[in-house]
Amino acid sequence: MSKPVLGIIGGSGVYDIDGLTNTQWRRVDSPFGQPSDDLLFGELNGQQLVFLPRHGRGHRIPPSELNYRANIDALKRAGVTEIVSVSAVGSLKEELPPGTFVIVDQFIDRTFARTKSFFETGLVAHVSMAHPVCGRLGDIIEQAAKDAGIVAVRGGTYLVMEGPQFSTQAESNLYRQWGCDVIGMTNMPEAKLAREAEMCYATVAMVTDYDCWHPDHDAVTVEQVVKVLLENADRARALVKAIVPQVGGRSGNCAKGCHTALEHAIITHGDKRDPNVVSKLDAVAGRLLKR
Ligand SMILES: CSC[C@H]1O[C@H](OP(=O)(O)O)[C@H](O)[C@@H]1O
Ligand SMILES: Nc1ncnc2[nH]cnc12
């Protein structure tokens, strides 16, 4: 049974969390390489919290070069059990204008140039991604938004593109035909790796633009994204503050199965496992591999 510790992965425009006490930026080493930055450890109203700026402080690292494995592994080593991703996204629907917060519940992963699993030759595992977002954490975010007086749309499909260039209009229209709601570049393989590491994962997507499909709006620019993010920074901060106390209330493992996702996922026979691969997975899968 894991003690609940909230980890926040801050996306574009979110490079720090204010209002924390007992703060310390601490380097956490990972066998998968360098995380995006040091981790910020702190407390919010007596509740422990760990923060990681996804692109590093100062936004140094593009989506395709992020070391997603090191980021999730480092958060796991830091004791994090539930991850809330805060991400800027483009809107693929008229009714989701810039400024809307969406509690995403599905992803379509169109990325192709990233390492997507902690597992490899020498230790093979297949986890379920049918429900990529923890519904319990989604409930917590929804309730926290209500408590903080923030309107947030529950549910939505996030199309994850490779980037770093924004989409062509043909691509944007295709994703709209697929029924996707929002588009971004980072939440995959992050969500897949969080599942493999048996951590709850949920996303607060902050709509910053209409991508490039909308006849009445110019195509997205970084300038526009940053402008809308700054306008919404106070609401994002208030939402995080409201989430923290609710995460602390969990007792026992996540009822949605996030903390036991690997239970029946590892298929490589005990005598065929590569000890080098196994040793790197001490944090991610140590619970099962030490047996
Ligand atoms: C600065 S616009 C494009 C950039 O913003 C989003 O990042 P994040 O998900 O970390 O907020 C998007 O995915 C792109 O990486
Ligand atoms: N339109 C867009 N496409 C991809 N990522 C984004 N992040 C913010 N807006 C975006």
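Every value quoted in this text rests on a predicted model; they were computed, and no experiment measured them.

Would you explain the UniProt feature "binding site: phosphate" (unreviewed entry) in the protein chain in this entry?
The residues that UniProt annotates with the feature "binding site: phosphate" (unreviewed entry) are S12, R54, H55, S87, A88 and T186. Maximum C-alpha separation among the annotated residues is 12.3 Å over a sequence range of 175 residues, consistent with a single clustered spot. With respect to the helices and strands, the residue R54 is situated in the loop between β4 (47-53) and α1 (68-77). A relative accessible area of 1% means that R54 is categorised as buried. Here S85 takes part through its side chain, which lies 2.9 Å from a polar atom of the side chain of R54. By the element assignment, T186 lies in the loop between β10 (182-184) and α4 (187-196).

What exactly am I supposed to notice about the site of ligand 2 here?
For ligand 2, the full set of nearby residues is A88, V89, G90, M161, F166, I183, G184, M185, T208, D209, D211 and V220. G90 places a main-chain nitrogen or oxygen 3.2 Å from a nitrogen atom of ligand 2. D211 places a side-chain nitrogen or oxygen 2.8 Å from a nitrogen atom of ligand 2. Summarising the interface, the protein chains cover 94% of the accessible area of ligand 2, which totals 260 Å² for the free molecule. Elements supplying a minimum of two residues to the shell around ligand 2: β5 (82-91), β10 and β11 (200-209). Broken down by element, the shell around ligand 2 gets its largest block of residues, three residues, from β5. Residues belonging to the shell around ligand 2 are distributed by class as follows: seven nonpolar, three polar and two charged.

Whenever I open this one, the site of ligand 1 confuses me. Can you help?
Taken together, the neighbourhood of ligand 1 is formed by G11, S12, R54, H55, P63, S87, A88, F166, G184, M185, T186 and V225. At 3.1 Å, a side-chain N or O of S87 approaches an oxygen atom of ligand 1. Between ligand 1 and A88 there is a distance of 2.9 Å, counted from an oxygen atom to a backbone nitrogen or oxygen. For the shell around ligand 1, the class distribution of residues is five nonpolar, six polar and one charged.

Can you help me understand the packing of aromatic side chains in this one?
Two measures describe an aromatic ring pair: the distance that separates the ring centres and the angle between the ring planes. Considering all chains together, one arrives at five aromatic pairs under this definition. Taking 6.4 Å as the distance between ring centres and 75° as the angle between the ring planes, the aromatic pair formed by W25 and F51 counts as edge-to-face. Taken as a pair, W25 in strand β2 (residues 21-26) and F51 in strand β4 lie far apart in primary sequence, 26 residues in all. A relative accessible area of 0% places F51 in the buried class. Geometry around W25 places R57 over its ring, the cationic atom sitting 3.7 Å from the centre. Above the ring of W213, the side-chain terminus of R176 is found at 3.6 Å from the ring centroid.

What counts, and at which threshold
- Residues numbered from 1 in each chain as written.
- Chains lettered and ligands numbered in written order.
- Predicted model: local features only at pLDDT ≥ 70, side-chain atom pairs only at ≥ 80, totals over all residues.
- Heavy atoms only, no water.
- UniProt positions renumbered as here; feature names shortened; annotations may be inferred.
- Helix = DSSP H or I, 4+ residues; strand = E, 2+ residues; numbered from the N terminus.
- Buried < 20%, exposed > 50% of the residue type's maximum accessible area, 1.4 Å probe, protein only.
- Polar contact = N/O pair within 3.5 Å; in protein donor to acceptor, adjacent residues only side chain to side chain.
- Near = heavy atom within 4 Å.
- Areas by Shrake-Rupley, 256 points an atom, 1.4 Å probe, with all protein chains shown as cover.
- Nonpolar A, V, L, I, M, F, W, Y, C, P; charged D, E, K, R; others polar.
- Phe/Tyr/Trp six-rings, centres within 6.5 Å; stacked < 30°, edge-to-face > 60°.
- Lys NZ or Arg CZ within 6 Å of the ring centre and 35° of its normal.

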